[in-house]
Amino acid sequence: MPKSSLSAGVVFCSALAESRDVTDLVGSVIPAIGENQDQPLPYISFRRIKLEATPQKSGQPGADIIQEELLCCTDNYEEGIKIAEAVRAALDFQSYESDGLKMRACWLADSEEIRKNGIYIQRMIFNAKF
């Protein structure tokens, strides 16, 4: 069965796992858990938060644009910044292919800083075209 942009998280996870700069800084990259006090810090959590299909005039499917939320969770503010910078370097304006699904373009669309339950969070929103 061919993969669609619904599998975008697999591509993001693979891209981050192949970035030595990211893996040197975090213990794990985990789908869809958000900030979790039971998870050993530091870690990155990711989830798809939006999918916009762009059908062609011919009625055929076109590229989908998805938004992926990444949370860089740490117990230290400066460490969170380092992880966010490594994530941005791995994904921003990059293309990537994993398991037959191609991310044609990716760019950082938004970011914010949060502190919740003692966890420092660098929240990053990436748009990606599949």
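First things first, this report covers the structure right here in the doc. Please read all numbers here as calculations on a predicted model, not as lab measurements.

## Examining the sheet that holds strand β7 (residues 119-129)
An order of β1-β2-β3-β7-β6 is seen for the 5 strands of this open sheet, with the pairing classed as mixed. Sheet topology places β1 (28-31) and β6 (105-116) at the edges, where each strand pairs with a single neighbour. Strand-to-strand twist of the sheet, defined as the mean angle between neighbouring strand axes without regard to direction, takes the value 25°. Where strand β3 (residues 64-74) meets β7, 10 bridges bridge the pair, whose relative direction is antiparallel. Residue E69 lies in a different strand from β7, and its bridge partner there is I125. With respect to the sheet, helix α1 (residues 8-17) is in contact with β1, β2 (43-53), β3, β6 and β7, its orientation differing from that of β3 by roughly 45°.

## Concerning helix α3 (residues 77-91)
For α3, which comprises 15 residues, the first-to-last C-alpha distance of 21 Å matches the rise-based estimate of 21 Å (1.5 Å per residue) to within 8%. Within α3 the residues assigned to the buried category are G80, I83, A84, A86, V87, A90 and L91. Taken end-on, α3 shows its buried residues confined to a sector of 165°, consistent with a single buried face. In α3, the exposed positions that point more than 90 degrees away from the buried face belong to K82, E85 and A89. The residue sitting at the N-terminus of α3 and contributing the capping side-chain oxygen is N76; that oxygen lies 3.0 Å from the backbone nitrogen of E78. A positive backbone phi angle near 60° is found at F93, which sits one or two residues after α3.

## What about the pattern of salt bridges?
Taken as a whole, this structure holds 6 salt bridges when the rule is applied. Here D24 and R20 are joined by a salt bridge, their closest N and O atoms 3.2 Å apart. Like D24, the residue R20 is exposed in the burial classification. D92 is the partner of R88 in a salt bridge, and the nearest nitrogen-oxygen pair spans 2.9 Å.

## Overview of the side chain of S45
In this structure, S45 sits in strand β2. A relative accessible area of 2% places S45 in the buried class. A polar side-chain atom of S45 sits 3.2 Å from the main-chain amide nitrogen of I33. Ignoring sequence-local partners within four residues, the contact set of S45 consists of I30, A32, I33, G34, E69, L70 and L71.

Reading guide: rules and limits
- Residues numbered from 1 in each chain as written.
- Predicted model: local features only at pLDDT ≥ 70, side-chain atom pairs only at ≥ 80, totals over all residues.
- Heavy atoms only, no water.
- Pairing = 2+ DSSP bridges.
- Helix = DSSP H or I, 4+ residues; strand = E, 2+ residues; numbered from the N terminus.
- Axes fitted to C-alpha atoms, helices over the stretch in contact; angles between N-to-C directions.
- Contact = heavy atoms within 4.5 Å.
- Expected span 1.5 Å × (residues − 1).
- Buried < 20%, exposed > 50% of the residue type's maximum accessible area, 1.4 Å probe, protein only.
- Arc of directions from axis to C-beta.
- Polar contact = N/O pair within 3.5 Å; in protein donor to acceptor, adjacent residues only side chain to side chain.
- Salt bridge = Lys/Arg side-chain N within 4 Å of Asp/Glu carboxyl O.

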